[in-house]
Amino acid sequence: MFFAEHFDPAVLGDRLRDANTVTPQLLAEVIDLACRRFPSTGQTAKTARIEELIDARAWTDVALGLIDLELPLWQIRRIAYDDGDWYCALSRERELPDWLDQYIEARHADLTLAILSAFVEAQRITPSESRPSVPATARQVNPLYEPICCDNFS
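Remember, predicted model here, so these are calculated numbers, not experimental data.

J.: Can you break down the packing of aromatic side chains residue by residue, with the values?
T.: Counted according to the given criterion, the structure contains 1 aromatic pair. Relative to Trp 86, the ring of Tyr 81 has its centre 4.9 Å away and its plane inclined at 55°; by these criteria the two rings are tilted. Looking at Trp 86, the relative accessible area reads 26%, which means it is partly exposed.

Structure below.
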């Protein structure tokens, strides 16, 4: 499985929104298109746990496990059920008040699909590891500057 370079979260989001329930094929599509780290060689325990949950068809636990593996800086801020829809909010700063936090919220009649929709949106706005969030800079050495060694502090 690989993170598709042509990943279009809008198309995958539409597929999730139009689905009535999670199927193995839909979950495989989410993993193929939206997951950068699964399967993870560095976190074999988490990967093995997610594979066990997939085999057990524990879709909600799989969705939560993917968030834990793929988006370690994100957390579930809120899961709520209102008027026939599940609302799932993911946040990087869960402890901030709602009005200060920039969180992602998705909704669906199916709890797992609401969580997966929020996951896909968070993946969309999270930079990939191949692009560092802080650009690397080459250290410029000034030829006129030479470090001085002082023996006064011995």
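J.: Any chance you could break down the sheet that holds strand 3 (residues 104-108) for me, citing the residues and the numbers?
T.: Reading across from one edge, 1-2-3 is the order of the 3 strands in this open sheet, with antiparallel pairing throughout. Here the strands that pair on one side only, and so sit at the sheet edges, are strand 1 (75-82) and strand 3. Going from strand to strand, the sheet's axes swing by 15° on average, the running direction of each strand aside. Sheet topology note: the strand 1/strand 2 (residues 85-91) ladder contains 7 bridges and is antiparallel. Bridge pairing links Asp 82 to Asp 85 in strand 2.

Conventions adopted
Residues numbered from 1 in each chain as written. Predicted model: local features only at pLDDT ≥ 70, side-chain atom pairs only at ≥ 80, totals over all residues. Heavy atoms only, no water. Phe/Tyr/Trp six-rings, centres within 6.5 Å; stacked < 30°, edge-to-face > 60°. Buried < 20%, exposed > 50% of the residue type's maximum accessible area, 1.4 Å probe, protein only. Pairing = 2+ DSSP bridges. Helix = DSSP H or I, 4+ residues; strand = E, 2+ residues; numbered from the N terminus. Axes fitted to C-alpha atoms, helices over the stretch in contact; angles between N-to-C directions.

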